[in-house]
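So you can see what is in the structure, the chains are spelled out below.
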Amino acid sequence: MDSQTLVYQRVIDEALRLLYTHHYRLLSRLLPRALEQLNLSEEALMADLRESPLGQVLQRLAAVAQGKLVEQRERILENIELVLQLLFWAPGAEDYSVPRSFWESDLGRLLSQAKFRAYEPSELVSIGKAAQDLGVTRPTIYRWMDERKLEYVRDEHSGRTFIIRRDVEHLRQQLQESA
């Protein structure tokens, strides 16, 4: 494995372990007898987690992020959404939000790079251009990003964040209609 693959494997293992620990705690309160089947060594547990459906999703997203795998945009975005929901959607909540700081974590950067690769450069606009096109300030763009009114991607190699052009056009049309 190359160094980037090893880094992504560590990130995936940490995410799987975090989610497993959280769900183990929930399961221990909901159905304690089910835990009897989960007494595995650390190595066996990690092997099972890597082979799990979520483990496979994370492996595919890492391969997309590295440019080693090309998948349909819809599948990439659905898989990213799945991971985000598992991490941030609390039981009983009507929705979830992803803290902006998450995107600075190793897992956030992995997901972000996979998402970036799902789009063609012509489908993206800079934050400044989006603000200009919508007639608002950059802080407004950031607020709309946080509120998920504007979908965005970050290129981890350049460090730049881009807004999806169709979202800018759609929001501009909504703003014009409401004016």
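Here, the structure is the one placed above.
Keep in mind the model is a prediction, meaning the values are calculated, not measured. (Residues numbered from 1 in each chain as written. Predicted model: local features only at pLDDT ≥ 70, side-chain atom pairs only at ≥ 80, totals over all residues. Heavy atoms only, no water.)

Participant: Tell me about the packing of helix α1 (residues 3-30) against helix α5 (residues 106-117), residues and numbers included.
Facilitator: Packing of α1 against α5 leaves a shortest axis separation of 9 Å and a crossing angle of 115 degrees. Taken together, the axis directions place α1 and α5 in an arrangement best described as roughly perpendicular. Judged by the twist between their axes, the crossing of α1 over α5 is left-handed. When α1 is examined against α5, the residues Tyr8, Arg10, Val11, Ile12 and Ala15 are found in contact with a partner set consisting of Asp106, Leu107, Leu110 and Gln113. Here the residues of the contact of α1 with α5 are counted per class, giving 6 nonpolar, 1 polar and 2 charged. (Axes fitted to C-alpha atoms, helices over the stretch in contact; angles between N-to-C directions. Helix = DSSP H or I, 4+ residues; strand = E, 2+ residues; numbered from the N terminus. Parallel < 35°, antiparallel > 145°, perpendicular 65-115°, else oblique. Left-handed = near helix turned anticlockwise from the far one by under 90°. Contact = heavy atoms within 4.5 Å. Nonpolar A, V, L, I, M, F, W, Y, C, P; charged D, E, K, R; others polar.)

Participant: If you had to explain the side chain of Gln9 to someone new, which residues and values would you point to?
Facilitator: Along the chain, the position of Gln9 falls in helix α1. Beyond its immediate sequence surroundings of up to four residues, Gln9 is in contact with Arg50 and Gln59.

Participant: Would you mind going over the pattern of salt bridges in detail, with residue names and values included?
Facilitator: Overall, the coordinates contain 17 salt bridges when judged by the stated rule. Put simply, Arg143 and Glu147 hold a salt bridge, and the shortest N to O gap is 3.5 Å. Taking the relative accessible area as the measure of exposure, Arg143 reaches 43% and is therefore partly exposed. Overall, Glu147 belongs to the partly exposed group, its relative accessible area being 42%. In this structure, Lys149 and Glu147 form a salt bridge, with 3.6 Å as the shortest nitrogen-oxygen distance. Linked through salt bridges whose partners overlap, the residues forming this network are Arg10, Glu14, Asp106 and Arg109. (Salt bridge = Lys/Arg side-chain N within 4 Å of Asp/Glu carboxyl O. Buried < 20%, exposed > 50% of the residue type's maximum accessible area, 1.4 Å probe, protein only.)

Participant: Before we move on, could you go through a nonpolar patch on the surface and cite the residues and values that matter?
Facilitator: On the surface, a nonpolar cluster with roughly 290 Å² of combined accessible area is contributed by Leu26, Leu30 and Leu31. Here Leu30 shows up in helix α1. A relative accessible area of 68% means that Leu30 is categorised as exposed. (Patch = residues over 30% accessible without salt bridge, like charges linked within 9 Å, V, L, I, M, F, W, Y side chains within 5 Å. Areas by Shrake-Rupley, 256 points an atom, 1.4 Å probe, with all protein chains shown as cover.)

Participant: Describe in detail the packing of helix α2 (residues 42-51) against helix α3 (residues 53-65), supporting the description with residues and values.
Facilitator: Where α2 meets α3, the closest approach of the two axes is 4 Å, and the angle between their N-to-C directions is 70 degrees. In this view, α2 runs roughly perpendicular relative to α3, as classed from their interaxial angle. Contacts between α2 and α3 involve Leu49, Arg50 and Glu51 from the former and Pro53, Gly55 and Gln56 from the latter. Of the residues contributing to the contact of α2 with α3, the split by class is 2 nonpolar, 2 polar and 2 charged.

Participant: Tell me about the pairing of strand β2 (residues 152-155), and please be specific about residues and values.
Facilitator: Note on strand geometry: in a regular strand, side chains alternate between the two faces of the sheet. Residues Tyr152 and Arg154 point to one face of β2 and Val153 and Asp155 to the other, with burial holding for every one of them. The hairpin turn running from β2 into strand β3 (residues 160-164), its antiparallel successor, is 4 residues long, and Gly159 in that turn takes a positive phi close to 80 degrees. (Pairing = 2+ DSSP bridges.)

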